[in-house]
Amino acid sequence: MPARVDTRAAPVVPRAADAFVLDRLLERLEGVRKCGRGHMARCPAHKDRNASLSVAEGSDGRVLVKCFAGCDVLAIVHAVGLEVADLFPERIADRSPEGRVAQREAYRQSGWVAALGVLTREATIVAIVAGDVAAGRVPSDEYLTRLRLAIERIESAREVLA
Ligand SMILES: [Zn+2]
């Protein structure tokens, strides 16, 4: 049962402050590109050549991060000099024990959302290569390399969802 963050008594913070929460992370990352409703970037917590880090903004303004090579959130934020609380808008950055439990639960759920996004994208790659093979064509080395990456990412996503 996920703990809930009570935001009723919290002061109203303008949306501009929430946007700043996302920018604070994005400006510290390399290889950032738009991807659907979020961004992909090189993960700062491991030697990342494939832009394995998914960064998105939750509906309540919190920043959702997920590395598909398996780095945990703490390692990612520390690698760029931030804390987990920096990913939350001030009005829901609850630093009490209950607040921390709620934050961990939120990160578990954000992992699921990111993993489903990865499965959708990588299934497309697998379908393209499988279509080639089924039609009797030999996939190029480029496609085979991309296929291997797709298999790795699907495996990571499955671990998150398991
Ligand atoms: Zn990583």
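Residues numbered from 1 in each chain as written. Predicted model: local features only at pLDDT ≥ 70, side-chain atom pairs only at ≥ 80, totals over all residues. Heavy atoms only, no water.

A look at the overall build of the protein
Consideration 1: From N to C terminus, the protein includes four helices and four strands.
Consideration 2: Listing every helix and strand of the protein by position from the N terminus yields α-β-β-β-β-α-α-α.
Consideration 3: Counting over 162 residues, the protein shows a buried share of 40%.
Consideration 4: Counting contacts in the protein only where the partners sit at least 6 residues apart, residues at least 24 apart contribute 55% of the total.
Consideration 5: With an accessible surface of roughly 9900 Å², the protein has 55% of that area assigned to carbon and sulfur atoms. (Helix = DSSP H or I, 4+ residues; strand = E, 2+ residues; numbered from the N terminus. Buried < 20%, exposed > 50% of the residue type's maximum accessible area, 1.4 Å probe, protein only. Contact = heavy atoms within 4.5 Å. Areas by Shrake-Rupley, 256 points an atom, 1.4 Å probe, with all protein chains shown as cover.)

Brief notes about the coordination of the zinc ion
Consideration 1: Donor atoms from the polypeptide that bind the zinc ion are C43 (SG), H46 (ND1), C67 (SG) and C71 (SG), placed at 2.0 to 2.3 Å.
Consideration 2: Every donor counted, the four donor atoms about the zinc ion form angles of 103 to 115° at the centre, which fits tetrahedral coordination.
Consideration 3: The motif formed by the donor residues of the zinc ion, counted along the single chain, is C-x2-H-x20-C-x3-C. With H46 in the loop between β2 (38-42) and β3 (53-57) and C71 in the loop between β4 (63-67) and α2 (73-79), the pair connects residues that are 25 residues apart, well separated along the chain.
Consideration 4: By relative accessible area, which is 25% here, H46 ends up partly exposed. (Donors = N, O, S within 2.8 Å, 3.2 Å for Na, K, Ca; no water. Tetrahedral: all angles 85-135°; square planar, octahedral: opposite > 155°, others 65-115°.)

Regarding the pattern of salt bridges
Consideration 1: For the coordinates displayed, the defined rule picks out six salt bridges.
Consideration 2: Between R153 and E122 there is a salt bridge, with its nearest N and O atoms 3.3 Å apart. One end of the pair, R153, is in helix α4 (residues 141-161); the other, E122, is in helix α3 (residues 97-134), and 31 residues separate them in sequence.
Consideration 3: Classification of R153 by relative accessible area gives buried; the value is 11%. (Salt bridge = Lys/Arg side-chain N within 4 Å of Asp/Glu carboxyl O.)

Some words on the nonpolar core
Consideration 1: Core analysis: the largest hydrophobic core is formed by 21 residues, its most contacted members being L25, L29, L53, V55, V63, V65 and L87.
Consideration 2: Sort the elements by how many residues they give to this core and helix α1 (residues 15-26) lands first, with four residues.
Consideration 3: By size, the runner-up hydrophobic cluster in this structure holds six residues, among which are A114, V118, A157 and V160. (Core = buried A, V, L, I, M, F, W, Y, C linked by side-chain atoms within 4.5 Å.)

Examining the environment of V32
Consideration 1: Along the chain, V32 falls in strand β1 (residues 30-35).
Consideration 2: Residue class for V32 comes out partly exposed when judged on its relative accessible area of 35%.
Consideration 3: Here the alpha-carbon distance between V32 and C43, two residues eleven residues apart in the chain, equals 9.9 Å.
Consideration 4: If sequence neighbours within four positions are ignored, V32 has contacts with L26, H39, M40 and A41.

Side note on the sheet that holds β4
Consideration 1: Taking strand neighbours across the sheet as the criterion, the four strands line up as β1-β2-β3-β4 in an open arrangement whose pairing is antiparallel. Edge strands, defined here as strands with exactly one partner in the open sheet, are β1 and β4. Neighbour-to-neighbour, the strand axes of this sheet turn through a mean angle of 20°, independent of strand direction.
Consideration 2: In this structure, β1 lies alongside β2, joined through four bridges in antiparallel fashion. In the sheet register, K34 faces β2, and the bridge partner there is H39. (Pairing = 2+ DSSP bridges. Axes fitted to C-alpha atoms, helices over the stretch in contact; angles between N-to-C directions.)

So, α4
Consideration 1: With 21 residues, α4 should cover 30 Å at 1.5 Å per step; its first-to-last C-alpha distance of 30 Å lies within 8% of that length.
Consideration 2: Buried residues of α4: L147, L149, A150, R153, S156, A157 and V160, and no others. (Expected span 1.5 Å × (residues − 1).)

Quick word on the packing of aromatic side chains
Consideration 1: One pass over the full model with this rule turns up zero aromatic pairs.
Consideration 2: Its end group placed over the ring of F68, K66 keeps NZ or CZ at 5.9 Å from the ring centre. (Phe/Tyr/Trp six-rings, centres within 6.5 Å; stacked < 30°, edge-to-face > 60°. Lys NZ or Arg CZ within 6 Å of the ring centre and 35° of its normal.)

What to know about a nonpolar patch on the surface
Consideration 1: Together, W112, L116 and L161 line one region of the surface with nonpolar side chains, adding up to about 260 Å² of accessible area.
Consideration 2: Within the element layout of this structure, L161 appears in helix α4.
Consideration 3: Judged by relative accessible area, L161 falls into the partly exposed class, the value being 35%. (Patch = residues over 30% accessible without salt bridge, like charges linked within 9 Å, V, L, I, M, F, W, Y side chains within 5 Å.)

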